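Coordinates in review
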Amino acid sequence: MSKHTIIPVDQHWTFKQADKKDAKFLPVAQFPTNVHLDLIANSIIPDPFIGKNENDIQWIGEVPWVYKTTFPSPTLSTEQRRNVTVVLAFDGLDTFATVVLNGKPILKTDNMFIPERVDVTTHLKKDGDNELEITFESAYIKGCALLEKYPDHHWGCWNGDSSRLAVRKAQYHWGWDWGPTLMTCGPWRPINLEIFSSRISDLYFTSDVDKSLKVAKFVAKAEVEGDATEVQFDISLNGNSVASKTVKANKGFASHSFTLENPDLWYPIRYGGQPLYSMTATLIQDGSAISEKSKKFGLRRAELIQRPMKDQPGTTFFFQINNIPIFCGGSDWIPADNFIPRITKEKYYDWVKLVADGNQFMIRVWGGGVFEEQAFYDACDEIGILVWQDFMFGCGNYPAFPEYLKSVKIEAEENVKLLRHHPSIVIWAGNNEDYQYQESENLTYDLEDKNPDNWLKTNFPARYIYEKILADACKELIPDTYYHFGSPWGGKDTRDPTIGDIHQWNVWHGTQEKYQNFDKLVGRFVSEFGMEAFPNIKTIDSFLPLGKDDPDRFAQSSTVDFHNKADGHERRIALYLVENFRYAPDPFEQFIYCTQLMQAECLASAYRLWKRQWKGPGREYCGGALVWQINDCWPVTSWAIVDFYLRPKHAFYTVKREMAPISLGVTRTEHLVPKDKYTRAFVEKTTKIEIWGSNLTLREMTADLVVKAFDATTGEETYSKTVKSSFTLPENQSTEIADFVVPVREKDVDEEKKTVVAAYLFQEGKQIARYINWPEPLKYVHLQRPKRLHVELSHDGKVVEISAEYPVKGLALECDDDNISFDDNLVDIVPGEVVYVGVKGAKKSTKINTRYLGMV
Ligand code: BMA
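All of these numbers come straight from a predicted model, not from anything done at the bench. (Residues numbered from 1 in each chain as written. Predicted model: local features only at pLDDT ≥ 70, side-chain atom pairs only at ≥ 80, totals over all residues. Heavy atoms only, no water.)

Let's shift gears to the overall build of the protein. A tally of helices and strands in the protein yields 15 helices and 42 strands. On C-alpha atoms alone, the protein measures out to a radius of gyration of 29 Å, which is about the 29 Å that the 2.2 N^0.38 rule sets for 856 residues. Taking the principal axes of its C-alpha atoms as reference, the protein extends roughly 100 × 65 × 65 Å. Relative to its 856 residues, the protein shows a buried fraction of 59%. (Helix = DSSP H or I, 4+ residues; strand = E, 2+ residues; numbered from the N terminus. Rg over C-alpha atoms; globule rule 2.2 N^0.38 Å. Buried < 20%, exposed > 50% of the residue type's maximum accessible area, 1.4 Å probe, protein only.)

Right, here's the structure in full:
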């Protein structure tokens, strides 16, 4: 009998290029690690994120690399030597690795997502050091060879190149439309030496919170390796014991069903707390604890509601947690770095915290990246952010040769097992846009054919992966969690707005619609939509080789262009700018601002117009919107609303305002009524506004609506009225409040085109929401430069006070100091109103700069 011991093998690692005779082993940068990090640390390559260095270091991905270390054998008594097993556990090797221990090959891998365990009991030296060597072959070259080996497969993809489809490695390593091509390799996750006679090899559970929310059935399960059989389950909450039970394992499996009365339920942020219970399984032999595993879990009832609605076709698609329907505003997540081993736990927490601070409820872990680190999901559990988890396939026609399917099955099972205890994960999806790729290439997909074996014979064989292998794995391992074949999926095809989720890319990609028309582009759940914007100037300075003094420090420079990987990005950014704003590429800072204003307006209108369709019980026409994308993996111009250095773009704040507990929406439309059938000249024109309120709280409220109007060119207030009093905004839905013509002093002189409409919600005299509606496109408005723009930081440095004598569009607060953050930004100002913005980290002396549309 021996206590289960885990010893990290993380010391003395060295590496070198494997096919270079005279290469010397050099120290690694950290552990776990990858080859780029190690080459950077040894000054062999420059920082790949700077300038165009990416181009010069492509060779790294086409040569083999070797990693080596030594570690001592565990000291064991003769008795122990007879009883124990010693295992080398590799949590992740990227990707084609051959592992040699003391000169003997012990493992070959081809999937970076699969953790491996090798029994090395007989391979270890009795005394002294063991030598562990891992050689990584080029995943790119290996992928190319697989393409040639299976020439009959209809290879093809968007982003990267087809060799990625054959290799089970993070797909974005091949380059994406927001990321560089950096083919990493190396031991990217920890390696441990484990010594045990018996151990708890897995600990998991199923839970069922009753509809009444009063009781939860909780089945704890443990798998045991070795011959010990006594397993003690302990459940605790905040250090207090909740339940405990000791059971006997049978054939390596122990389980006990607990009934937890009045469970403390886990909620998404803003809907309740995030209590996390601890569950520990202790393996006992001869009265001693020899192995232990603990996991935190949350009890919640999570459902995806897909049912018919009143007055609209199709079915809903919304999440309901503990019986509360949630309008899921959130975003899509890509890996937060090209070099994942250097992402700290703190950074994951900072990201998730930022998502929560942005009033968002959900993150979708997109299928072209990785099954994220535990720290990421821990942060989501603790902070209360729901997770939509994709399996790791994206934008292509994946193969299905037998070894591949075998690997995918293990990968799916292992990763579901690693993540299934997280209460934040409420849905798994088979892939990202692979069904869209199938549609675009006209690959065979017969919905009526339910025989999986037939799918393998088609030119879209990966259907077998999404609808059989992954579906089976989920059914077996996480029967309580909804599994969706892909994102998007549902209805007659992936663009069907009435069933399932959609990716709405007809703004930016596709037909390049105006973002003002987002209302027509709604779906039951929009799991992707987006618009690009330049990142903060400080972020651009970080990648320009000469920083602020770089001759390429301008909007259209070749280095700045290089840091945008999207097809046609110059034209598309220009298109949306030119349609909406008076703008110029210089000064650069103002140009960056304009792109961010454009993105902010675009994304906020999607949120606003789609949330309007969250109309309460039986009318949940749209159940959520996830913006593509929250983050970046390097400093780049992309769709991200927060850049690589966690600097929010202005869209972060406009989205945050839209997802506030209470918000107001206003639209303006022109209506033309000809006097008779033939006239073109005698046409009556009215400009109507519609106003609605979105109450995402769980309490009905009574409010008053005040509307004001201003002349944008003179600043004069032309209208002010309480248009509706003491009306009800029912809980958890959007409600239409009023519609009327834009108030003007004189009719038929196009006064509407310079009239800014401000709508305010008041509750017991207190302003609880505001929204400023502008004539569009904004480029036609004669915006004024205020002479009395008052922007003042309070004495305690906690609030900025803003006012002006003219309407000001998109007033941005800027500060050189990154430690200072604003609670809100890019606010619209109207005369006679003081807007207060909360600040963190500032002193009275802090210098705050401003910028607005039309300033230069
Ligand atoms: C969607 C995503 C990504 C891509 C983005 C922008 O299709 O799934 O593949 O980066 O659009 O083009």
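Within this structure's numbering, the places UniProt gives as "domain: Mannosidase Ig/CBM-like" (unreviewed entry) are residues 687-780. End C-alpha to end C-alpha, residues 687-780 measures 16 Å, and it is 0% helix and 63% strand. (UniProt positions renumbered as here; feature names shortened; annotations may be inferred.)

Taken together, the neighbourhood of the ligand is formed by Trp176, Asp177, Trp178, Trp366, Cys395, Asn432, Glu433, Trp505, His509, Glu528, Trp628 and Trp639. Take tryptophan 178: an N or O atom from its side chain is 2.8 Å from an oxygen atom of the ligand. Glutamate 433 places a polar side-chain atom, nitrogen or oxygen, 2.5 Å from an oxygen atom of the ligand. Against a free-state accessible area of 300 Å², the protein chains account for coverage of 96% of the ligand. Considered class by class, the residues forming the shell around the ligand number 7 nonpolar, 2 polar and 3 charged. (Near = heavy atom within 4 Å. Polar contact = N/O pair within 3.5 Å; in protein donor to acceptor, adjacent residues only side chain to side chain. Areas by Shrake-Rupley, 256 points an atom, 1.4 Å probe, with all protein chains shown as cover. Nonpolar A, V, L, I, M, F, W, Y, C, P; charged D, E, K, R; others polar.)

Packing of helix α5 (residues 345-357) against helix α6 (residues 374-383) brings their axes to within 9 Å, and their N-to-C directions diverge by 40°. Between α5 and α6, the angle is such that the two are oblique. Relative to α6, the crossing made by α5 is right-handed. Of α6, the residues touching α5 (which contributes Lys345, Tyr348, Tyr349, Val352, Lys353 and Ala356) are Ala375, Phe376, Asp378, Ala379, Cys380, Glu382 and Ile383. The residue inventory of the contact of α5 with α6, partitioned by class, reads 9 nonpolar, no polar and 4 charged. (Axes fitted to C-alpha atoms, helices over the stretch in contact; angles between N-to-C directions. Parallel < 35°, antiparallel > 145°, perpendicular 65-115°, else oblique. Left-handed = near helix turned anticlockwise from the far one by under 90°. Contact = heavy atoms within 4.5 Å.)

Before going further, it helps to spend a moment on the packing of aromatic side chains. Between two aromatic rings, the relevant description is the distance of the centres plus the angle of the planes. For the structure shown, the criterion picks out 62 aromatic pairs. Arranged with centres 4.8 Å apart and planes meeting at 35°, the rings of tryptophan 333 and phenylalanine 376 form a pair that is tilted. Here tryptophan 333, found in strand β21 (residues 328-333), pairs with phenylalanine 376, found in helix α6; they are 43 residues apart in sequence, far enough to count as distant. As far as the burial class goes, tryptophan 333 and phenylalanine 376 line up, both buried. Ring geometry for phenylalanine 393 against tyrosine 466: centres 5.7 Å apart, planes inclined by 70°, an arrangement best described as edge-to-face. Here phenylalanine 393, found in the loop between β23 (386-390) and α7 (402-419), pairs with tyrosine 466, found in helix α10 (residues 463-477); they are 73 residues apart in sequence, far enough to count as distant. With a relative accessible area of 1%, phenylalanine 393 lands in the buried category. It is arginine 168 that lies over the ring of phenylalanine 393; its NZ or CZ is 4.1 Å from the centre. Over the ring of tyrosine 204 we find arginine 420, and its NZ or CZ is 3.6 Å from the ring centre. (Phe/Tyr/Trp six-rings, centres within 6.5 Å; stacked < 30°, edge-to-face > 60°. Lys NZ or Arg CZ within 6 Å of the ring centre and 35° of its normal.)

Before going further, it helps to examine the packing of helix α13 (residues 569-580) against helix α14 (residues 588-611). Closest axis-to-axis distance for the α13/α14 pair is 10 Å, and the angle between their directions is 80°. Classified by the interaxial angle, the pair formed by α13 and α14 is roughly perpendicular. Residue-level contacts link Ile573, Tyr576 and Leu577 of α13 to Phe591, Cys594, Thr595 and Met598 of α14. Here the contact of α13 with α14 is composed, by residue class, of 6 nonpolar, 1 polar and no charged.

Pairing is antiparallel across the open sheet formed by 4 strands, whose spatial order is β36-β37-β41-β39. What marks the edges here is a single partner per strand, and that holds for β36 (790-793) and β39 (821-822). Examined bridge by bridge, β36 and strand β37 (residues 799-803) share 4 bridges and lie antiparallel to one another. Looking at β37, one finds that histidine 790 is bridged to serine 803. (Pairing = 2+ DSSP bridges.)

Our focus in this paragraph is unusual backbone geometry. Excluding glycine, most residues fall at negative phi; most peptide bonds, likewise, are trans. Between phenylalanine 31 and proline 32 the backbone carries a cis peptide bond, its omega angle lying at -5°. The omega torsion of the bond from serine 487 to proline 488 falls at 0°, within 30 degrees of zero and hence cis. Positive phi values are uncommon outside glycine, yet asparagine 159 reaches one of about 75°. Of note, asparagine 159 is situated in the loop between α4 (139-149) and β10 (191-196).

Now for the state of the cysteines. Within this structure, the stated rule accounts for 0 disulfides. Unpaired in this structure, cysteine 185 has its nearest cysteine sulfur neighbour in cysteine 144, at a distance of 16 Å. Of the residues examined, cysteine 185 reaches a relative accessible area of 6% and is grouped as buried. Summary of cysteine pairing: cysteine 380 is not part of a disulfide, and the nearest cysteine sulfur, belonging to cysteine 328, is at 12 Å. (Disulfide = S-S within 2.5 Å.)

The next point concerns the nonpolar core. Within the largest apolar cluster, 252 residues are counted, with the highest numbers of intra-cluster contacts made by Leu88 and Val231. At 14 residues, the largest contribution of residues to this core is made by α14. What leucine 88 contacts, discounting residues up to four positions off in sequence, is Val9, Phe71, Leu101, Ile106, Glu116, Arg117, Val118, Val120, Leu132, Ile191, Asn192 and Leu193. Judged by nonpolar contacts, the second largest core, of 20 residues, contains Val666, Met701, Ala703 and Ala769. (Core = buried A, V, L, I, M, F, W, Y, C linked by side-chain atoms within 4.5 Å.)

Attention now goes to the domain arrangement of the protein. In many analyses, interface size is given as the accessible surface area lost on bringing the parts together. Looking at the assigned domains, one finds that the protein contains domain 1 (5-195), domain 2 (198-297), domain 3 (660-779) and domain 4 (783-856). Placing a centre on the C-alpha atoms of domain 3 and another on those of domain 4 gives a separation of 25 Å. Tallying the contact residues gives 14 residues for domain 3 and 14 residues for domain 4. Taken over both partners, the interface formed by domain 3 and domain 4 buries close to 1100 Å², and the fraction arising from carbon and sulfur atoms is 64%. Three residues stand out in domain 3 for area buried against domain 4, namely Arg770, Trp774 and Leu778, and they jointly supply 45% of the buried area on that side. If you look at where domain 3 meets domain 4, you find 4 residue pairs in polar contact (both at pLDDT 80 or more). (Domains from an automatic or database assignment. Buried area = accessible area lost by both parts, 1.4 Å probe.)

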